[in-house]
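Per-entry structural report
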Amino acid sequence: MADSNHNNQDGTGQRRSTTTKKKKKKNRGRKRVTIEQIIALNEVYDWAFSPKQTISVSAPVPTDDGFSMTIGDKEKEKKVVFEFHSHSTCSDGYLSPSALVDRAHRKGVKVLALTDHDTMAGVSEALEAAQRVGMRIIPGVEISTMFQHGDKSGSEEPVHILAYYSGCGPSQSDRLEKCLSDIRDGRYHRAKSMLKKLNNLKMPLEWENVVKIAGDGVAPGRVHVARAMVNAGYVENLKEAFDRYLHDDGPAYAKGSEPPTEETVKLIQQTGGVAVLAHPWSLNNHTAIISALKTAGIHAVEVYKNDGKMDVFSNMCDKYELIKLGGSDYHGKNTNGEADLGSVTLPVSTVFKFLSVARPIWSNSIKDTLTNFTNEPTNANLEKMTKFGKFKSRDKSLMDSCLCYWLSKDEITDEIKELSLKCSKILVNKN
Ligand SMILES: [Zn+2]
Ligand SMILES: [Zn+2]
């Protein structure tokens, strides 16, 4: 498919003439557009621009990278760029959720997953900002977990799991929220014990200062402690803070209270999310972890970076039949080496596979949420159902706006229509 490697296909080596090269390139471009690719492209495209389409669009035209298509002006080639990994000020990012959306929009991103650490607090602001510019948001979260190696060493290592939810958010959101708030509480304790250790190392820091750096309501993490160390002049930069003191098992490192990785993957599944292993290249023992997570039911692994596909993880995905994903992990640090929003190019086949797995999971999760409300039509359940959108009305039209916000036309099945009608009736009686 689009991500296959066409280098050295003819085995002619490097000394081909320019004319031959050009010819080859042209043929290659033509050869790569397959029926499957056109179907995948159409599907991805329809989903990305549905339901709140604000730009006039003509039929997609597959090209070399499988992603370009003509939008509005036929002369103007645009790409459907997906960004699957980003952070805002709700965790350790530097841009507010709406500023992040604006930047993503400027960078040509059409679908953005906001994946703050251990919180979904920024999702509603991101959704609102995205609606203004006709972008689509995938509500997400990057959950800090701890993997216990089953070997004799009994060692453990931190693992980040990305979770992607429908526009309506997680079903049984209380369960997920409890897990996330426990992790956040653990982070406060952890930050405090890191400060204690730094104090013993003759590098005292003010707690208030670290909390201020983390920002309003944000659980302080290692990076916030590191920033406070830079501000106090104990280290030159964040890298030095991590390399010398805050790295795993470093002299000022402290453990948090992260849940077990496999349990978290199961929780994501049970709450209607798609579970993805984040940046496996930062793991010590990725082989054992990926194999255990496959058994736990993980859906995908990050494989693509802004400098290309990582073969070692790609091969493991082939072995375990996992989807290959990737994103920039943008924090807005404004440093030279930071990959920008939308800079990780994913083949259309990859996004297609992701959506083929995610969409039925999301539809079922929406069904669960609606059923939950019909069984228990409390205001609390109504709040949960509508927490990610700024829905003005609370009458029967609410359900119509919800459905067209959460699902594309073909996903609104008779079963969902029926459930939504039940909800509408309840809402009318409530008012
Ligand atoms: Zn991470
Ligand atoms: Zn991240």
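Predicted model, so just to flag it, every value in this text is computed and none were measured.

As for the overall build of the chain
Of regular secondary structure, the chain possesses 15 helices and 10 strands. Taking all 431 residues of the chain together, 41% fall into the buried category. Taking all contacts inside the chain whose residues are at least 6 apart in sequence as the whole, residues at least 24 apart take part in 69%.

What about the packing of helix H14 (residues 397–406) against helix H15 (residues 414–430)?
At their nearest, the axes of H14 and H15 sit 8 Å apart, and the two run at 145° to each other. Contacts between H14 and H15 pair Leu398, Met399 and Leu403 from the former with Ser420, Cys423, Ser424 and Leu427 from the latter. When its residues are assigned to classes, the contact of H14 with H15 shows five nonpolar, two polar and no charged.

Focus on helix H9 (residues 261–270)
Burial in H9 covers these residues: Thr261, Glu262, Thr264, Val265, Leu267 and Ile268. Buried positions along H9 lie against strand S5 (136–148), strand S6 (156–164), helix H5 (173–200), strand S7 (274–277) and helix H10 (286–296).

Quick word on the pairing of S6
Examined bridge by bridge, S5 and S6 share nine bridges and lie antiparallel to one another. When the bridges of S6 are listed, Glu142 appears paired with Leu162. Summarising the sheet, S6 and S7 pair through four bridges and their orientation is antiparallel. Its bridge partner lying in S7, Ala163 is registered against Ala275.

A look at unusual backbone geometry
Positive phi outside glycine occurs at Asp249, with the angle close to 70°. Of note, the phi angle at Asp329 is positive, near 55°, even though the residue is not glycine. Note that Asp329 resides in the loop between strand S10 (323–326) and helix H12 (348–375).

Comments concerning the pairing of S5
Counting buried residues in S5 gives 11 out of 13 residues, a clear majority hidden from the surface. Here strand S4 (residues 109–114) runs beside S5; their pairing, made up of four bridges, is parallel. Bridging from a neighbouring strand, Val111 pairs with Arg136 of S5.

A look at H14
Buried within H14 we find Leu398, Met399, Cys402, Leu403 and Trp406. For H14, the arc enclosing every buried residue in end-on projection is 125°, short of the 170-degree limit, so these residues lie on one face. Elements in contact with the buried residues of H14: H12 and H15.

Focus: the packing of helix H7 (residues 222–231) against helix H8 (residues 238–246)
It is at 9 Å that the axes of H7 and H8 come closest, and there the two elements cross at 110°. In this view, H7 runs roughly perpendicular relative to H8, as classed from their interaxial angle. Here Arg222, Val223, Val225, Ala226, Arg227, Met229 and Val230 of H7 lie close against H8, whose contacting residues are Leu238, Ala241, Phe242 and Leu246.

Examining the environment of Ser401
Mapped onto the fold, Ser401 is located in helix H14. The exposure class of Ser401 is partly exposed, given the 14 C-beta atoms found within 10 Å. With 12 residues separating them along the chain, Ser401 and Gly389 place their C-alpha atoms 9.6 Å apart.

Structural notes on the nonpolar core
Counting residues in hydrophobic clusters, the biggest one holds 87 residues, and the most contacted among them are Val44, Leu112, Ile161, Val276 and Val301. If one sorts the elements of this core by residue count, H12 sits on top with 10 residues. Setting aside its immediate chain neighbours within four residues, Leu112 contacts Glu83, Ser86, Val101, Ala104, Ala130, Met135 and Ile137. If you look at the next biggest cluster of nonpolar residues, it comprises 17 residues, including Leu198, Ala214, Ala226 and Met229.

A short note on the environment of Asn375
Tracing the sequence through the fold places Asn375 in helix H12. In the structure, Asn375 is positioned 48 residues away from Cys423 in sequence and 9.7 Å away in space, judged by C-alpha atoms.

Focus on the environment of Cys168
Here Cys168 shows up in the loop between S6 and H5. Taking C-alpha positions, Cys168 is 8.7 Å from Lys384, a pair spaced 216 residues apart along the chain. If we skip the residues at most four places from it in the chain, Cys168 touches Ile366, Thr369, Met385, Phe388 and Trp406.

Some points on the confidence of the model for the chain
Model confidence for the chain is summarised by a mean pLDDT of 85, while 85% of its residues fall at 70 or above. Every residue in residues 1–29 is under pLDDT 50, and counting partners more than four places away or in other chains gives 17 contacts. For residues 53–78, every residue scores under 50 in pLDDT, and the model assigns this stretch 42 contacts once sequence neighbours within four places are set aside.

Parameters and conventions
- Residues numbered from 1 in each chain as written.
- Chains lettered and ligands numbered in written order.
- Predicted model: local features only at pLDDT ≥ 70, side-chain atom pairs only at ≥ 80, totals over all residues.
- Helix = DSSP H or I, 4+ residues; strand = E, 2+ residues; numbered from the N terminus.
- Buried ≥ 20, exposed ≤ 12 C-beta atoms within 10 Å, placed from the backbone.
- Contact = placed C-beta atoms within 7 Å.
- Axes fitted to C-alpha atoms, helices over the stretch in contact; angles between N-to-C directions.
- Nonpolar A, V, L, I, M, F, W, Y, C, P; charged D, E, K, R; others polar.
- Pairing = 2+ DSSP bridges.
- Arc of directions from axis to C-beta.
- Parallel < 35°, antiparallel > 145°, perpendicular 65-115°, else oblique.
- Core = buried A, V, L, I, M, F, W, Y, C linked by C-beta atoms within 7 Å.
- pLDDT = per-residue confidence, 0-100.

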